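What follows is the residue order along each chain.
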Amino acid sequence: MTPVGAPPPRLPTRERTRIPGGGLSPMLSRLAEERATGVLMREGGMLYLSEGQVVYAESPATPGLDALLMARGTLDEDGWREAFAQAGERRRVGRFLIDSGRIGEGALELCHLGALFDAAYFVLGPSSAPVRFHYGEAHWLGPVRPVPVAALERETLRRRELLHAIWPDPTTDDAPLVRAARGSGRTVTPRQGAVLDRIDGVRTAADISRSLGRPAFHTLVDVRRLAAAGVVTAGTYGVMAMPYGGQRQPSAGIRADHDPVPAPGEALPPPYADDPHITLLKRLRDALEAL
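*Asks:* Talk me through the pairing of strand β3 (residues 53-58); I want residue IDs and the actual numbers.
*Replies:* In terms of burial, β3 is largely enclosed, as five of its six residues are buried. Strand direction decides the pairing type here: strand β2 (residues 45-50) and β3, joined by five bridges, are antiparallel. Bridge pairing links Ser-50 to Gln-53 in β3.

Next up, the structure:
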């Protein structure tokens, strides 16, 4: 029994993902404080900033905004090429798409944020390679929906934690994928089945994402769950990819040896159905697929 006048018990709260003191990229944190405009080039891709906020992200590991829009039938290739030809040099492709009626402003913002967070996850990955910043450079898409650096870093860390909770071994993230020698006998979801259909011992998760026209992080989630279930494993490398060093034109990872993959458990990983962060990811995914 609680004594009269005693303070009420504290309500349970979810701890926010904490960003390291120097941020995921000390240079990015400094540029945000400076309200800098330009492009930050890292091993995993590029971040475009406008007045200290991130307005676009590109990575060779992810499909671009154009690929996602065309894969869902929201925009055809001719429409995208026209927009780039008409407004690319002026860095106003996004505004041209809206003003010409090819896509609604809300739909473009949603797709833009999905592509930005997807690419930023890989751009802000751990790396010891040199980092460069070119002041004054703008992206051809133009301003759509700027994202504060702190919010971008927090979401990137949250995604890392999610993947670790599903399956802590990251070797399947960038290695060629192969089906496990022994089948697990587990039923897979239709989304996971689409990924399995494209596993051939050569394709990586990034290759499969581009083939499906899906955000790369969504594919990583499926691959980690399949790895945890013992359905897929990481293969061996042939030719290693070169670091990213240039802006991607519309529509057009080096990995060290790791220890052997731990033996997968017999049960599928927990679905995390009650996690509000997972619910938000699913809503974003469903909205992108409904376009």
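*Asks:* Please set out the packing of helix α6 (residues 149-166) against helix α9 (residues 216-228) residue by residue, giving values where relevant.
*Replies:* It is at 9 Å that the axes of α6 and α9 come closest, and there the two elements cross at 20°. Considered as vectors, α6 and α9 are oriented roughly parallel to each other. As α6 runs across α9, the sense of the crossing is right-handed. Here Arg-159, Leu-162, Leu-163, His-164 and Ile-166 of α6 lie close against α9, whose contacting residues are Phe-217, Leu-220, Val-221, Arg-224, Arg-225 and Ala-228.

*Asks:* Account for the packing of helix α8 (residues 205-212) against α9, naming residues and giving values.
*Replies:* Running from amino to carboxyl end, α8 crosses α9 at an angle of 120°, the nearest separation of the two axes being 9 Å. When the interaxial angle is binned, α8 and α9 end up oblique. Considering the relative orientation of α8 and α9, their crossing is right-handed. Each of Ala-205, Ile-208 and Ser-209 in α8 lies in contact with α9, whose residues at this interface are Ala-216, Thr-219, Leu-220 and Val-223. Taken together, the residues that form the contact of α8 with α9 break down as five nonpolar, two polar and no charged.

*Asks:* Would you mind going over the confidence of the model for the chain in detail, with residue names and values included?
*Replies:* Averaged over all residues, the pLDDT of the chain is 81; the fraction at 70 or higher stands at 72%. In this model residues 11-16 is a low-confidence stretch, pLDDT under 50, and it forms four contacts with partners more than four residues away in sequence or in other chains. Residue range residues 251-277 is modelled with pLDDT below 50. Its contacts to residues more than four positions away, or to other chains, number 52 contacts.

Rules used throughout
- Residues numbered from 1 in each chain as written.
- Predicted model: local features only at pLDDT ≥ 70, side-chain atom pairs only at ≥ 80, totals over all residues.
- Heavy atoms only, no water.
- Buried < 20%, exposed > 50% of the residue type's maximum accessible area, 1.4 Å probe, protein only.
- Helix = DSSP H or I, 4+ residues; strand = E, 2+ residues; numbered from the N terminus.
- Pairing = 2+ DSSP bridges.
- Axes fitted to C-alpha atoms, helices over the stretch in contact; angles between N-to-C directions.
- Parallel < 35°, antiparallel > 145°, perpendicular 65-115°, else oblique.
- Left-handed = near helix turned anticlockwise from the far one by under 90°.
- Contact = heavy atoms within 4.5 Å.
- Nonpolar A, V, L, I, M, F, W, Y, C, P; charged D, E, K, R; others polar.
- pLDDT = per-residue confidence, 0-100.

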